[in-house]
Amino acid sequence: VIACPCSLGLAVPISLTVGSGIGAKRGILIRKGEAIQTMKQVKIIVFDKTGTITKGKPEVADFYSTNKKDVSGKHLFEIAGSLEKLSEHPIAKAIVNKANLKKYKKVTGFKNIRGKGLEGTINNKKIFIGTEVLMKEKKISIKLVEKHLKEFEENGQTTMIISENKKIIGVIGVADTLKDDSIKAIKQLNDKGYKTVMITGDNERTAKAIAKQVGIDEAIARVLPGDKSKKVKELQKQGMVAFVGDGINDAPALKEANVGIAIGTGTDIAIEAGDIVLANGDLTSVVSAINLSKATFGKIKQNLFWAFFYNIVAIPLAISGALNPVVAELAMALSSITVVTNANLLRRKKI
């Protein structure tokens with residue numbers, strides 16, 4: 001009777017159940033139980049930029065036209081808006097909104113160059129819109145806009161260079177507002193000794209400017225959408241990694257990381273790939289998830305101690321015949337009650 005393993009069988013699942021319930025009430029959905037154990041061992045927290053650290057709703061912040069007759073940027077935005085209209089990227093939408101065209105120019109030969117930009121033909125003229133890397137690949141000189149590129153990027157703007165028939169006609173700077181809680185969340189993680197990293201497709205200057213604004217330790221720039229999981233794998237050589245992301249192209253990185261934390265306001269694919277889902281999209285919930293993981297695992301250890309303690313003390317007494325069967329029944333029941341009660345004390349924990 002005394003050796004009945006009820007309390008031992010309850011020790012882990014009851015703690016996980018209570019921990020998951022507490023998390024759910026605070027908008028932290030734990031999809032995989034092992035994430036609670038792994039989370040407490042994480043040393044590096046990696047964040048995607050757009051939609052995770054920032055709101056994911058960029059706006060045109062500045063622009064420069066190389067044509068002195070187009071100071072207002074009318075021609076620049078007619079070209080850029082017509083081509084970007086065919087793209088679904090948040091930056092494209094920002095440019096289209098700024099252009100606010102009543103009639104879009106006809107585009108032929110449209111092509112999305114993943115992670116670099118767009119190309120197409122308007123009025124028999126070849127148009128490219130994208131990064132410095134794209135312009136270099138197409139052997140288009142960017143000397144005319146280098147000064148403005150630097151200025152925009154140092155202000156944390158993502159820059160799009162526009163070329164028409166291999167000649168630069170301007171540059172557009174797009175800024176994405178930081179989430180209200182980003183700085184607070186990063187500070188809390190830094191104060192707790194975690195290494196914080198941001199992964200972005202932006203160039204070095206823009207990435208460093210945004211990382212500085214939010215307080216992130218390291219920014220990894222010019223990462224193509226398909227390479228995020230590779231960067232996570234590289235960081236795992238330094239320790240356990242949690243990846244926080246919200247987009248379709250974040251799914252491989254969420255799977256690759258030791259713990260994938262998906263933003264609940266993001267795409268369904270990202271949510272499906274996450275071990276933990278932050279339902280409200282609040283980044284301070286990352287800190288709460290870590291605290292919850294440590295508190296839950298602490299209760300698991302305590303419960304296992306009490307389960308073994310009862311058996312270690314009572315089984316020798318039962319073998320020697322010194323333990324009355326009624327007392328054995330009470331002790332066995334009490335051990336289970338102790339484990340369940342102790343697990344429920346987790347509700348008092350501030351996470």
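Just so you know, these numbers come straight off a predicted model, no measurement behind them. (Residues numbered from 1 in each chain as written. Predicted model: local features only at pLDDT ≥ 70, side-chain atom pairs only at ≥ 80, totals over all residues. Heavy atoms only, no water.)

A few points about the nonpolar core
Using the following cut-off: By nonpolar core we mean a set of buried residues, namely Ala, Val, Leu, Ile, Met, Phe, Trp, Tyr and Cys, connected to one another through side-chain atoms within 4.5 Å. To sort residues, take the accessible area from a 1.4 Å probe on protein chains only and compare it with the maximum for the residue type: under 20% means buried, over 50% means exposed, and anything in between is partly exposed. What counts as a helix is a DSSP run of H or I of at least four residues, what counts as a strand is a run of E of at least two, and both are numbered from the N terminus. In what follows, residue pairs with any heavy atoms lying within 4.5 Å of each other are defined as contacts.
Within the largest apolar cluster, 31 residues are counted, with the highest numbers of intra-cluster contacts made by I45, F47 and I261. Elements represented by at least two residues in this core include exactly α2 (34-39), β2 (44-48), α8 (182-191), α9 (204-214), β11 (241-245), β12 (259-263), β13 (276-278) and α13 (284-320). Beyond its immediate chain neighbours, meaning those up to four positions away, I261 contacts M39, A242, F243, V244, G245, L254, I276, L278 and V286.

Thoughts on the packing of aromatic side chains
Defined as follows: Any pair of Phe, Tyr and Trp rings, taking the six-membered ring for Trp, is counted once the centres come within 6.5 Å. Such a pair is stacked with planes under 30 degrees apart, edge-to-face with planes over 60 apart, and tilted for the rest.
Applying the stated criterion to the full structure yields one aromatic pair. Aromatic side chains F63 and F77 sit 5.2 Å apart centroid to centroid with 80° between the ring planes, which places their arrangement in the edge-to-face category. Of the two residues, F63 sits in strand β3 (residues 59-65) while F77 sits in helix α4 (residues 74-84), which places them 14 residues apart along the sequence. Judged by relative accessible area, F63 falls into the partly exposed class, the value being 24%. Assessed through its relative accessible area of 6%, F77 is described here as buried.

Focus on unusual backbone geometry
A positive phi angle, near 50°, is found at N100, a position not held by glycine. With respect to the element layout, N100 can be found in the loop between α5 (90-99) and β4 (108-113). A relative accessible area of 63% places N100 in the exposed class. Backbone geometry at N124 places phi at a positive 65°, although glycine is not the residue there. If you trace the backbone, N124 turns up in the loop between β5 (117-122) and β6 (125-130).

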